[in-house]
Amino acid sequence: CNRAGKECQAFGKFAGQAASDMAAMSGMSPEKAMEGTLRIMNQFGKQAEDLSGVNDALAATFVTTTATMPDLIQGFKFAGGQAARLGIPMEEVAAAIGVLKDKGVEAGMAGRGLNVALSKLLNPTKKAQKTLEDLGVTIDQQALSSLAELTFRLAKAGANAQDMGNIFSVRAARAMGPLVEAWRDGSEGAKDMARQMLEASNRGKHLASTLAKIAEEAPDKQWLKFKAALQKVGQVIFEQLHPELIQ
């Protein structure tokens with residue numbers, strides 16, 4: 001700790017509680033949960049004072065998708081660095097990993113696919129450029145710095161599986177394809193989830209602590225089994241904690 005005296009002790013206690021909250025929700029040990037959280041924070045340049053907000057953003061994933069904390073750690077391991085360099089918010093990456101897990105794409109494949117896709121866009125092939133031109137899709141800084149904006153443009157242009165393969169490669173298309181399709185299934189997919197996660201991070205509503213308390217009070221503390229039932233009402237819980245999101 002770079003802080004001095006009582007301030008350092010206070011932060012240590014705060015960090016310990018944050019680790020305990022994440023462990024209760026994820027089924028991981030506090031040490032592993034905190035190690036994974038800090039790795040994600042380091043990728044995105046988050047500071048110690050951001051810890052509670054990051055926990056809340058990750059916790060929002062647990063109640064809106066089937067992704068687990070180990071899934072997020074695995075996905076961020078491959079996608080986090082490139083996403084952070086492009087200025088893509090941490091919350092959007094978490095949302096994307098969650099959407100992909102719901103679509104049957106495992107976290108490691110999701111992370112690798114997102115990493116390759118973003119790299120391809122920075123140095124597109126002639127085939128990719130031609131496909132994007134034919135679709136009328138412009139890849140500017142706004143699109144590069146937001147998975148939601150990028151996938152929305154592709155969905156709006158009607159990009160199909162062949163287009164996705166031409167632009168990103170087969171492996172990357174397996175990750176980007178479901179994110180594009182999420183715009184076509186009646187929901188706003190990753191964009192809406194990312195917005196909720198960003199709100200969870202910024203509003204200071206202590207979503208992580210609330211869910212940890214629910215987990216601790218669940219019968220026999222069987223959180224991982226309880227989570228499946230919680231997901232059915234997770235959106236209701238989230239909206240109760242964030243009534244300002246309801247329009």
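Scoring rules and cut-offs
Residues numbered from 1 in each chain as written. Predicted model: local features only at pLDDT ≥ 70, side-chain atom pairs only at ≥ 80, totals over all residues. Heavy atoms only, no water. Helix = DSSP H or I, 4+ residues; strand = E, 2+ residues; numbered from the N terminus. Buried < 20%, exposed > 50% of the residue type's maximum accessible area, 1.4 Å probe, protein only. Polar contact = N/O pair within 3.5 Å; in protein donor to acceptor, adjacent residues only side chain to side chain. Contact = heavy atoms within 4.5 Å. Core = buried A, V, L, I, M, F, W, Y, C linked by side-chain atoms within 4.5 Å. Arc of directions from axis to C-beta. pLDDT = per-residue confidence, 0-100. Salt bridge = Lys/Arg side-chain N within 4 Å of Asp/Glu carboxyl O.

**Thoughts on the side chain of D71**
Then comes step 1: Within the fold, D71 resides in helix 4 (residues 69-86).
Then comes step 2: Exposure remark for D71: the relative accessible area of 12% places this residue in the buried category.
Then comes step 3: Here K101 takes part through its side chain, which lies 2.6 Å from a polar atom of the side chain of D71.
Then comes step 4: Apart from residues lying up to four places away in sequence, D71 is in contact with T66, I97, K101 and A107.

**Digging into the nonpolar core**
Then comes step 1: Membership of the largest hydrophobic core comes to 61 residues, with the highest contact counts inside it found for L58, F76, L114, L154 and F168.
Then comes step 2: For L58, the residues in contact, after removing those within four places along its chain, are M22, T37, I40, M69, L72, F76 and A94.

**Section: helix 10 (residues 161-168)**
Then comes step 1: Among all positions of helix 10, only D163, M164, I167 and F168 are buried. Each buried residue of helix 10 lies within a common arc of 105 degrees when the element is viewed along its axis, so the set occupies one face. The exposed set on the far side of helix 10, more than 90 degrees from its buried face, consists of A161 and Q162.
Then comes step 2: In this structure, the buried side of helix 10 is in contact with helix 6 (107-122), helix 7 (126-135), helix 9 (147-156) and helix 11 (170-181).
Then comes step 3: With a side-chain oxygen positioned 3.1 Å from the backbone nitrogen of Q162, the residue opening helix 10 is N160.
Then comes step 4: Positive phi appears at S169, one or two residues downstream of helix 10, with a value of about 95 degrees.

**So, unusual backbone geometry**
Then comes step 1: Not every positive phi belongs to a glycine, and S169 is a case in point at roughly 95 degrees.
Then comes step 2: Within the secondary structure, S169 sits in the loop between helix 10 and helix 11.
Then comes step 3: Judged by relative accessible area, S169 falls into the partly exposed class, the value being 23%.

**Describing the confidence of the model for the protein**
Then comes step 1: For the protein, mean pLDDT is 76; residues scoring 70 or higher make up 68% of the total.
Then comes step 2: Helix 7 holds the highest mean pLDDT among the elements of the protein, 96, whereas helix 14 (residues 223-241) holds the lowest, 46.
Then comes step 3: Low pLDDT (under 50) marks residues 200-205, which in the prediction has 18 contacts with non-local residues, meaning those over four places away or in another chain.

**Re the pattern of salt bridges**
Then comes step 1: Applying the stated criterion across every chain yields a total of five salt bridges.
Then comes step 2: Notably, a salt bridge pairs R153 with D140, separated by 3.0 Å at the nearest N-O pair. With a gap of 13 residues between them, R153 in helix 9 and D140 in the loop between helix 7 and helix 8 (141-144) connect regions that are remote in the sequence.
Then comes step 3: Classification of R153 as buried rests on a relative accessible area of 15%.
Then comes step 4: Between E149 and R153 there is a salt bridge, and its shortest N-O distance comes to 2.7 Å. With a gap of four residues between them, E149 and R153 both fall in helix 9, about one helical turn apart.

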